[in-house]
Amino acid sequence: MKTLLLDALQCRNKSRPPIWLMRQAGRYMPEYRALRAKHSFLEMCHQPELIAEITQLPIRAFGMDAAILFSDILVIPEALGVGLRFEDGVGPIIERPLNSAQDVAKLLSIDMHDRLNYVVDGIRLLKPTLNVPLIGFCGAPFTMASYMIEGGSSRDLRKTKQWMLSDPTSFHQLMDHLAECAIASLEMQIDAGVQAVQIFESWAGMLACAQLREFSFAYLDKIVKRIGTKVPVILFCRGASSLIPETIKMNPQGISIDWNADLAAVRQIVPPTMAIQGNLDPHVLCAPLHVVRKEAKRLLEEMRGHPGYIFNLGHGITPDVPVDAVKTLIECVQNH
Ligand code: CP3
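Residue positions are given per chain, counted from 1 along the sequence in the order it is written. Under the rules for a predicted model, residues below a pLDDT of 70 receive no local features and side-chain atom pairs below 80 are neither given nor counted, while totals for whole chains, interfaces and linings still include all residues. For the side-chain quantities, the full set of heavy atoms in the structure was used; hydrogens and water were omitted.

**Q** So, empty space enclosed by the protein: which residues are in play, and what are the values?
**A** Within this scheme a cavity is a closed region of a 1 Å grid, computed over the protein atoms alone, that accommodates a 1.4 Å probe without allowing it to escape, whereas a pocket is open but has protein on both sides within 12 Å along at least five of seven lines; lining residues each have an atom within 4 Å of a point. Grid points are joined across faces, edges and corners, and a volume is the space filled by probe spheres set on the points. Applying the stated criterion across every chain, the model contains two cavities of 30 Å³ or more. Approximately 110 Å³ is the volume found for the largest cavity. Taken together, 15 residues make up the lining of the largest cavity; nearest its centre are Val75, Val119, Phe137, Ser185 and Gln189. Under the scheme used here, helices are H or I runs from DSSP no shorter than 4 residues and strands are E runs no shorter than 2 residues, and both carry numbers assigned from the N terminus. Secondary-structure elements contributing two or more residues to the lining of the largest cavity are helix H5 (75–79), helix H7 (117–126), strand E4 (134–139) and helix H10 (168–192). When grouped by side-chain class, the residues that make up the lining of the largest cavity number ten nonpolar, four polar and one charged. By volume, the second largest cavity amounts to about 80 Å³. Every residue lining the second largest cavity is listed: Leu235, Cys237, Ala240, Ser241, Ile244, Thr247, Ile255, Ser256, Ile257 and Asp258. Contributing elements (two or more residues each) for the lining of the second largest cavity: strand E6 (233–237), helix H12 (244–249) and strand E7 (254–256). Among the residues forming the lining of the second largest cavity, the class breakdown is six nonpolar, three polar and one charged. Each residue is assigned to one class: nonpolar for Ala, Val, Leu, Ile, Met, Phe, Trp, Tyr, Cys and Pro, charged for Asp, Glu, Lys and Arg, and polar for all the others, Gly among them.

Right, dumping it as structure tokens:
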């Protein structure tokens, strides 16, 4: 078993940095598209055999140093009964979006534990076949809630923010419940064998600093306290680089940095005992290969000698990325 990722999460990696990529099992891979031609995305998320197979695709094709479980942050909202489907070219659609405090009250009686068994089964099938660490994940409460309230992807999260600002009490109740669901889901994944977890607060950048503290970080803090004693936790708060000092205070084992931030500057403020992950602009992978190498080397130089550096993108890989660019990137980091 390769342990580079786990070593880096303890800030004890003495060799080259490990690399994995957010959305590494996705549409940019021909093998993924071939499976996707036969199954809907949700079918792929629901079937343990497919979860196991798809998680491994990028490891077999490119040899990343860690696998991330193939699933989606929206399987928790789905388990809570709001109805989920994915439409090609549109993205996720929540069939019964939340509108009121009464809708929140209805969610409270639902227990997650019997509803995500297929994820556990997928991990159990997958684990014996993997030679790299397996990362589990969940969406952060605010990011999950934004989809549940907006009914899908949204440019401005208008409905979510209106609710948050006009009825903070029921919004907090929703956040609290989603935090408990996130914890339950992560605990199930850990019991089944994931060795680290990442929490995706993909819409952190939509909130003002004070809102972020009150409605996001308060709950991330709770999740980190409960899960960080079991396996290392990586926090990814996209668009929140101005609050990195407060992200550090939650004391996760690692923080994942989006591509807007300057890693050299981040390195100056993150304690030497905390891992730093990131932050190549995913669009660099659509540039000529010599540019891919040059940009990767820039990050590798900025982070040289850091025993807790994990190479990754600043956000998920996009479907238009050429396979050769991914190969080139992995080689560049692994030969460093
Ligand atoms: O990283 C991995 O390879 C693991 C699997 C993974 C997926 N989604 C698979 C996926 C992970 C970790 C996610 C996280 C996720 N899902 C986030 C947080 C990270 C981020 O991107 O900010 C969010 C917000 C979602 C919700 C979601 N899922 C959206 C908005 C979409 C549609 C956008 C798109 O790319 O089509 C998805 C679909 C999705 N999730 C796909 C994959 C491989 C593409 C589905 C397809 O095959 O059509």
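Here the narrative resumes.
**Q** Can you tell me about the site of the ligand, naming the residues and giving the values?
**A** Being near a molecule or strand, for a residue, comes down to having at least one heavy atom within 4 Å of it. Taken together, 23 residues lie near the ligand, and Arg23, Arg27, Tyr32, Asp72 and Ser202 sit nearest. We call two N or O atoms a polar contact when they sit within 3.5 Å, provided that within protein one can donate a hydrogen and the other can accept it, with sequence-adjacent residues counted only if both atoms are side-chain atoms. Measuring from an oxygen atom of the ligand, one finds a backbone N or O atom of glutamine 24 at 3.2 Å. Arginine 27 is positioned such that a nitrogen or oxygen atom in its side chain is 2.5 Å from an oxygen atom of the ligand. Contact with the protein chains hides 89% of the accessible area of the ligand, taken as 870 Å² for the molecule alone. Assignment of a molecule to a cavity or pocket requires that more than half of its atoms lie within 2 Å of the corresponding grid points. The cavity where the ligand resides is the largest pocket. Residues that form the shell around the ligand fall into these classes: 14 nonpolar, five polar and four charged. Residue exposure ignores everything except the shown protein chains as possible cover, and the areas themselves are Shrake-Rupley values with a 1.4 Å probe.

**Q** Tell me what's going on with the side chain of glutamine 277, and back it up with residues and numbers.
**A** With respect to the element layout, glutamine 277 can be found in strand E8 (residues 275–280). Of note is the side chain of glutamine 277, whose polar atom sits 2.9 Å from the side chain of glutamine 198. A distance of 2.9 Å separates polar atoms of two side chains, one belonging to glutamine 277 and the other to serine 256. Among all residues touching glutamine 277, those that are not within four sequence positions of it are Trp20, Gln198, Ile234, Ile255, Ser256, Ile257, Ile310 and Asn312. The contact definition used throughout considers only heavy atoms, calling two residues in contact when any of these lie within 4.5 Å.

**Q** An account of helix H4 (residues 48–62) is requested, with residue identities and associated values reported.
**A** A helix is expected to span 1.5 Å multiplied by its residue count minus one. When the terminal C-alpha atoms of H4 are compared, their 23 Å separation across 15 residues agrees well with the 21 Å that a helix rising 1.5 Å per residue should span. Note on bend: the value at a residue is the angle between axes fitted to the seven residues ending there and to the seven starting there. At glutamine 56, H4 is bent by approximately 30 degrees, the largest bend along its length, and proline proline 58 sits one to four residues beyond. The buried count for H4 comes to eleven of 15 residues, which makes it a mostly enclosed element. Buried residues are those whose accessible area, probed at 1.4 Å on protein chains only, stays under 20% of the maximum for their type, while exposed residues exceed 50% and partly exposed ones sit between those limits. Those residues of H4 that fall on the buried side of the exposure criterion are Pro48, Leu50, Ile51, Ala52, Ile54, Thr55, Gln56, Leu57, Pro58, Ile59 and Phe62. Next to the buried residues of H4 lie helix H2 (30–38), helix H3 (41–46), strand E1 (67–68), H7, E4 and helix H15 (323–334).

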